[in-house]
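Take a look at the letters that make up each chain.
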Amino acid sequence: MLAVLSPGQGSQKPGFLSPWLALPGAETKLRWWSALAGVDLIHLGTEAGADEIKDTARTQPLLVAASLLAAGELPLDRVDVVAGHSVGELGATTLAGVLPAEAAVALAGLRGREMAAACALEPTGMSAVLGGDPDEVLAAIEKHSLHPANLNATGQVVAAGSLDGLAALGEEPPAKARVRALEVAGAFHTPYMAPAEAALALIAGGVSVADPVRTLLSDLDGAAVTSGREMVERLVRQVTAPVRWDQVMRTLAGLGVTGVLELPPAGTLAGLVKRELKGDGAPEIVTLNTPDDLPAAQDLIARHGGHPIEGATR
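Rules and cut-offs
- Residues numbered from 1 in each chain as written.
- Predicted model: local features only at pLDDT ≥ 70, side-chain atom pairs only at ≥ 80, totals over all residues.
- Heavy atoms only, no water.
- Pairing = 2+ DSSP bridges.
- Helix = DSSP H or I, 4+ residues; strand = E, 2+ residues; numbered from the N terminus.
- Axes fitted to C-alpha atoms, helices over the stretch in contact; angles between N-to-C directions.
- Buried < 20%, exposed > 50% of the residue type's maximum accessible area, 1.4 Å probe, protein only.
- Contact = heavy atoms within 4.5 Å.
- Lys, Arg positive; Asp, Glu negative; His and termini not counted.
- Salt bridge = Lys/Arg side-chain N within 4 Å of Asp/Glu carboxyl O.

Peer 1: Go over the sheet that holds strand E6 (residues 177–182) with me, naming the residues and quoting the values.
Peer 2: If you walk across this open sheet you meet the 4 strands as E4-E5-E3-E6, and the pairing is antiparallel. Whereas interior strands pair on both sides, the edge strands pair on one side only; in this sheet they are strand E4 (147–153) and E6. Put simply, the sheet's adjacent strands are angled 25° from each other on average, direction ignored. In this sheet, strand E5 (residues 156–162) lies alongside E4 in antiparallel orientation, the contact comprising 5 bridges.

Peer 1: Can you tell me about helix H12 (residues 268–276), naming the residues and giving the values?
Peer 2: Those residues of H12 lying buried are Leu269, Ala270, Gly271, Leu272 and Val273. Considering only its buried residues, H12 is in contact with strand E1 (2–6), E4, E5, helix H11 (245–255), strand E8 (259–262) and strand E9 (284–287).

Peer 1: Tell me about the side chain of Glu89, and name the residues and values.
Peer 2: Mapped onto the elements, Glu89 comes out in helix H5 (residues 88–95). With no salt bridge to any partner, buried Glu89 finds its closest opposite charge in Arg111, at an N-O distance of 6.4 Å. Non-local contacts of Glu89, meaning those with residues more than four positions away in its chain, are made with Gly84, Leu217, Ser218, Asp219, Met231, Leu235 and Gln238.

Peer 1: Can you tell me about the sheet that holds E8, naming the residues and giving the values?
Peer 2: One open sheet holds the 5 strands; their spatial order is E7-E2-E1-E8-E9, and the pairing between them is parallel. The open sheet is flanked by strand E7 (215–216) and E9, the only strands paired with a single partner. Inspection of the sheet shows strand E2 (residues 81–84) paired to E7 by 2 bridges, in the parallel sense. By the bridge assignment, Val81 is partnered in E7 with Thr215. Along the sheet, H5 makes contact with E1, E2 and E7, crossing E2 at roughly 160°.

Structure follows, in structure tokens:
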């Protein structure tokens with residue numbers, strides 16, 4: 001059983017899209033998606049520096065476009081399961097057949113702009129809490145009036161909220177844990193993003209959707225979602241809700257996934273899966289970062305993917 005994963009914000013690297021521009025039709029597709037997203041995806045993926053692509057309004061559509069561009073080179077009809085981290089869920093939802101690619105890119109552009117605007121309303125931030133007892137970590141986050149924005153894996157929780165609260169958490173970390181400030185614009189996946197959630201809901205409700213043609217996992221709770229409309233509603237709620245990637249990985253294990261392919265810019269989610277899903281049942285993992293990795297990705301799909309899904313697209 002094969003799972004394809006779409007990465008989220010923070011995985012981007014300067015110039016990571018450059019090698020993909022050599023593929024036939026890639027530049028034309030990216031220009032069209034740029035018009036839909038309201039940003040120059042080609043510039044951002046090839047020439048822009050680290051600071052420019054760190055901007056939430058630019059990063060989110062760039063990541064969704066990159067995943068979809070690479071996925072277009074794969075035999076997706078053999079893919080059993082898809083999931084995405086944070087904004088990567090838009091890419092995964094498209095690969096599941098729920099959203100057209102154009103809608104996903106446009107929604108990513110809107111999501112990025114609105115989340116950036118919400119970040120500008122008051123100073124907030126995020127810090128990674130690494131290690132420590134899980135209950136003690138969550139208690140420390142609550143003590144400082146912060147929110148657990150990302151529960152990525154065992155020993156990896158991201159706290160978000162006021163800068164004063166984050167500073168206090170750093171000065172008084174939980175036992176056997178260390179706190180590392182993250183370079184982000186604000187407190188994503190917390191109530192501070194409520195204006196962005198409201199703006200996204202106004203638009204997302206009018207998007208045409210279909211039900212998934214393959215298993216689609218949700219960041220809200222790791223559940224497999226069978227309704228396209230429900231998944232879009234979950235995408236909207238997820239702007240203020242914690243990312244439960246830990247539960248997504250538990251579901252991957254429970255489903256018996258034997259192969260995992262991470263789309264570009266790959267590495268972060270593959271690393272989490274490798275550390276969390278160990279032992280005899282550990283899945284084989286391939287990271288897809290350049291077209292040179294396509295043969296390995298296609299081979300993984302051929303060996304671990306299910307029977308072709310009737311009616312599913314590439």
